[in-house]
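Chains, contacts and geometry: an overview
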Amino acid sequence: MTVAAAAQPSAVAARFSPGWISQLLQRYILHIVVIGLTVGWTLPTIGLLVSSFRPFALTKTSGWWTVLTPLQFTFQNYTDVLAQSNLGQAFFNSFMVSIPATVIPVTIGAFAAYAFAWMKFPARNWIFLALVGLLAVPLQLTFIPVLSFYVNQLHWTTSNLEATGIPGLPWVPLWLAHAGYGLPFSIYLLANFFRALPSDLFESAEIDGAGTLTVFFRIILPLSVPAIASLVIFQFLWVWNDLLVALIYVGGAPEVAPLTVNLADLTTSLGQGSNLLTSAAFFSMVVPLIVFLSLQRYFVRGILAGSVKG
Amino acid sequence: MSSVTYDHVVKRYTADVTVVKDLNVDIKDKEFMVLVGPSGCGKSTALRMLAGLETITEGQIRIGDRVVNNVAAKDRDIAMVFQSYALYPHMSVFDNMAFPLQMAHMKKDEIDRRVKNASKILGLDPFLKRKPRALSGGQRQRVALGRAIVRSPKVFLLDEPLSNLDAKLRGQTRIELQKLHRELETTFIYVTHDQVEAMTMGDRIAIMNAGILQQVGTPGDVYDHPANLFVAGFIGTPTMNFVPVTTTDSTAKASGFEARLPQSVPAGKRTLGFRPEALTDKPSADGSTLNMKVDVVERLGSDQYLYGQVGSDQVTARVDPRMKVAPGDTAQLGLDTRSIHLFDAETEAAFF
Amino acid sequence: MDFSVLLQDIPTLLVVILGVPAILAAYIVGGEFLVRRLPDKNRPQVRPWIWVGPALILVTGYLLLPALGTIQQSFQNNEGVWVGFNNYASQFADFPTGGAWIAIRNNVIFWLIFYTLFTLAFGLVLAVLFDRVRYESAVKSLIFMPMAISSVALGIIWIFMYSYAPPGETQIGTLNAIVTFFHHDPVVWLQDQWPSENFNLLNNLALIGAAIWGITGFAMVILSAALKGIPGELLEAARVDGAGEFTVFQRVIFPLMMPTIVVVGTTLVIFALKAFDVVYVMTSGNYNTDVLAFRMYHQLYTAGNNGHASAVAVILLIAVVPVLIFNLRQFRAVEARR
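The structure displayed is predicted, hence computed values, not measured ones. Note that residues are indexed from 1 along each chain, following the sequence as it is written. Here the convention is simple: chains get letters from A, ligands get numbers from 1, in the order in which they are written. Two thresholds apply to this predicted model, a pLDDT of at least 70 for residue-level local features and 80 or more for giving and counting side-chain atom pairs, whereas whole-chain, interface and lining totals are computed over all residues. Side-chain metrics in this entry use all non-hydrogen atoms of the structure; hydrogen atoms and water are not considered.

Residues and elements named next belong to chain B. Of the pairings in the sheet, the one linking strand 9 (residues 204-209) to strand 10 (residues 212-217) comprises five bridges and is antiparallel in character. Looking across to strand 10, one finds that Ala-206 is bridged to Val-216. Pairing between strands is defined by DSSP: at least two bridges between them are needed. Helix and strand assignments follow DSSP, with helices taken as H or I runs no shorter than four residues and strands as E runs no shorter than two, numbered in order from the N terminus. Here strand 9 hands over to strand 10 after two residues, with Ala-210 in that stretch at a positive phi of 50 degrees.

This is how it looks when you write it as structure tokens:
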């Protein structure tokens, strides 16, 4: 968890009106409100977390807030879910889905972004605009034709691909789909960042005799590490947490289903009357939470979409 | 030979946007030439055309005898120092300076030698391993210079290199640049909007305005014999006084005084120009005397400036600091008619 | 769990992680060599297309063409026969409860208004309040955290929050515990048709509330950045001029943040129109909580009706496009100001 970072005292002070009494009063009320809101906000998550450690029988008869009186604590739910469902496999599958689905659009996007940022070609601006426009297209609009192409033209069904015996092949349709879906954002974020690099850096490189490849690999990429990191994290989390695209292109078979699909299955098949749901839910949250909390800075940068300077 | 010639060079963006109009300048080998003018006058564009960063719409640019219009920037054998230095932030000082040599596929020990040499000249030895963000503005500028020096180019191009430095550093760096020029014995082409830099640093100055070259000459030439009203008003601080006059033969009649002209001119409406230092508190030999109603007095210790009105014209005078004047007084000032200029009211060209 | 099976997949993973960038780099470098064989003049004409090529192909293949294909399919039935606007007609049949009308009502009235406004309001208030405390980063992390989890996990968290037990029994859901604490009967949050079946605001709001919880961090982060972009001196000047804190917010901060608020707001509108996950996980569209994206999924997978599904998808697209255009315009205006 990131520790409270530095807010310059002068900036904080500048935001308070003069008059020490009103200042003091504001401070108290302010802190109460802020902390209250935050606690209230985390309550749902805490509720579930606590529930996952309570014996199942108790969760059906009393609220999670009674957990301390008397102390109720058990790992049973977690051991059960790991044993009964395919959670472990799904956990692994999520990595098999998320990592390539991040690597592919980021690399393709980086090359394209450089062209959009620093090369001139006809209709460049229009194509870029179209790309940005595609960001808002509901993915649902694309499923049927792509799926039908996969199944009818390429015969890429999960069972067919599994039958080839090549490990990992069943996920290829999903990787490519995520790459296609993830490219608009990747290109948008990186192109904006590349464009913001000072132009005289490139002019100087031009005079120094650097060609396109040198400029890209030796100047742009090293300087773009923060932006690329943001993109990688953003895309990774997006894919890891995605339910719909995985559902459509890979389905729920345990050998291929990632955590989200697996979890959704649990919800519908077992419903609320199950001790597995809470622990499964938290199990699925572990990786994103770790990534998020340790690399939050980059994630936020991703949200601010390349417009953050430095 | 590393002379540079602009031969009828034009830079046009669209039909109605011509940034450089018919530029003709001959820059001599080893000369320190300053291109100076207000913002937007085309000086930077002229420099960038020479660098190869802008295409040339019409005309020729030659380096030595070689026409470089269609030669790529990296093959022109020039080096450029940018206003913002354009240092590669992720590379050390050494790597920044080595980069152009790596691009030229130079051998590693040759690169090493050149970088260390440049570093020595510029006093960068203690900083070679640092990254640009760990350097001060002045140090960064020297790295930018170093990156240019290592290439041993035929021509150095400098685009407003001092504008990002504070006043004190600017003064020091001006001197260092002039020393560097003498040491390297290479052509320097220097762009600035600051006429003080131009006057102090240039062997010759080329003054531009609105894309048109106004005058080329040594600082002395340009100061004492401005070719037109613009040059006269651009060079020199405080600015030259301009007073509308009507001339008849050798007399110029202003609203508040009459001046004797050193030569005879056709009759008509003209502009008379004289610098503040052409006014003294001693009466003039030929009777050209100005009665100034003084508005503001500025005492700088070594100088005294009077701002006021002569007739209906605003005039600035630089007088002896010991002269006793107060705002509201009427001062009698003599005009040294040997150093006056006369400009045509329409064409603004100088008669003398 | 059979570990050996899992381990078999690892080589493929490595091949992809290392291979894809390598192949791509080789493609670019190879392309550059070919480009260098061209005359100088032609190089900058050909080169860009090599660099954008793979991206354009993928995007065209996975986004553009399928979108067009779906639009085409919305005019056909399952056998591929042209049926004109029939699929659309069936979406708009039987107003107000038939066809897609419930979904349209939910998206356009409930989601669009409440999701957007509440998220904006929360995001703005949190951004402004947190700006004034030293532990800003920590609390922001907590508010932002729901964005890191999957919508399924989010759905599960809130299913438990909304848990219902009949009156008289112990409530295990947090919200009902609070409600009964105030001596009110427990509420079946996800199902109740309150105030009426034709206008079941309550259970839709329950879903929307869960979604808001998940997205407020997003709005807060962007609005916070905009807030910090306001020069401190403007606020100081206002205070020196005698403005109280609330007036400063109302007359200085809020107007200056307006462009960003509009961008965030329109982005949220687009999200509201596209809402799917929360509905899928928590109610499966039942109890009159249907939304267009879910309806499309249902038509495709449960009803097996491609034509209908495509029509719904196109309706969704038509709803989103005007907002998108507006959003893009606003975004460019904000960027231009930087």
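Our focus in this paragraph is the packing of helix 15 (residues 276-294) of chain A against helix 6 (residues 151-161) of chain C. The angle between two axes is taken between their N-to-C directions and runs from 0 to 180 degrees, where each axis is a line fitted to C-alpha atoms and a helix contributes only its stretch in contact. Packing of helix 15 of chain A against helix 6 of chain C brings their axes to within 9 Å, and their N-to-C directions diverge by 145 degrees. Taken as a pair, helix 15 of chain A and helix 6 of chain C cross one another with a handedness that is left-handed. Residue-level inspection shows Leu277(A), Thr278(A), Ala281(A), Ser284(A) and Met285(A) of helix 15 of chain A in contact with helix 6 of chain C, the latter providing Ala153(C), Ile156(C), Ile157(C) and Phe160(C). If you view the pair so one helix is near and one far, a crossing is left-handed when the near helix is turned anticlockwise from the far one by less than a right angle, and right-handed when it is turned clockwise. Contacts are assigned to residue pairs that have any heavy atoms within 4.5 Å of one another.

Once that is clear, we can look at a nonpolar patch on the surface. To count toward a patch, a residue needs a relative accessible area over 30% and no salt bridge; like charges are then connected within 9 Å, while nonpolar side chains (Val, Leu, Ile, Met, Phe, Trp, Tyr) are connected within 5 Å. Shrake-Rupley sampling with a 1.4 Å probe provides the accessible areas, and residues are treated as covered by the protein chains on show and by no other component. Here, a salt bridge means any side-chain nitrogen of Lys or Arg that lies within 4 Å of a carboxyl oxygen of Asp or Glu. There is a patch of nonpolar side chains on the surface, built from Trp20(A), Ile21(A), Leu24(A), Leu25(A), Tyr28(A), Ile29(A), Val33(A), Leu37(A) and Val125(C) and spanning about 940 Å² of accessible area. The element best represented in the nonpolar patch is helix 2 (residues 20-52) of chain A, accounting for eight residues.

One number per residue, pLDDT, summarises how confident the predictor is, and it ranges from 0 to 100. Averaged over chain A, the pLDDT score is 82; the fraction of residues at 70 or greater is 88%. Contacts from residues 306-310 of chain A, a stretch scored under 50 in pLDDT, to residues over four places away or in other chains number eight contacts.

If you look at the interface, chain A gives 15 residues, while chain B gives 22 residues. Buried area adds together the accessible area that both of two parts lose upon being put together, with accessible area traced by a 1.4 Å probe. In total, about 1600 Å² of surface goes out of reach between chain A and chain B, with carbon and sulfur atoms giving 61% of it. The largest per-residue losses of area from chain A upon contact with chain B belong to Ile207(A), Asp208(A) and Arg218(A), which jointly make up 40% of the total buried on that side. On the surface where chain A and chain B come into contact, there are two salt bridges. For the salt bridge of Arg48(B) with Glu203(A), the shortest nitrogen-to-oxygen distance reads 2.7 Å.

Let's shift gears to the sheet that holds strand 2 (residues 17-27) of chain B. Residue and element names in this part refer to chain B. Within the open sheet, the four strands sit side by side as 2-1-4-5. Their pairing is antiparallel. Single-partner strands in this sheet number two, and they are strand 2 and strand 5 (66-67). This element, helix 1 (residues 43-51), spans strand 1 (4-14), strand 2 and strand 4 (58-63) of the sheet and lies at about 110 degrees to strand 1.

What follows deals with the sheet that holds strand 15 (residues 304-310) of chain B. Taken together, five strands build an open sheet; the order of strands is 13-17-14-15-16 (chain B) and the sheet is antiparallel. What marks the edges here is a single partner per strand, and that holds for strand 13 (279-280) and strand 16 (313-319) of chain B.

All right, on to the interface of chain A and chain C then. On the side of chain C, 112 residues touch chain A, which itself brings 113 residues to the contact. Counting the contacts that link chain A with chain C gives zero salt bridges. Counted as a polar contact is a pair of N or O atoms within 3.5 Å, where, for protein atoms, one must be capable of donating a hydrogen and the other of accepting one, and residues adjacent in sequence contribute only when both atoms are in side chains. Taken together, chain A and chain C are joined by eight residue pairs in polar contact (both at pLDDT 80 or more). Among the elements that make up the side of chain A that touches chain C, the one with the highest residue count is helix 5 (residues 87-118) of chain A (16 residues). Looking at side-chain class alone, the side of chain A that touches chain C contains 81 nonpolar, 29 polar and three charged residues. Note that Gly is not counted as nonpolar here; it falls among the polar residues with everything else outside the nonpolar set of Ala, Val, Leu, Ile, Met, Phe, Trp, Tyr, Cys and Pro and the charged set of Asp, Glu, Lys and Arg.

Once that is clear, we can look at the arrangement of the chains. For the two pairs of chains in contact, the maximum contact count is reached by chains A and C. In this view chain B stays clear of chain C, with the nearest C-alpha atoms of the two still 10 Å from each other.

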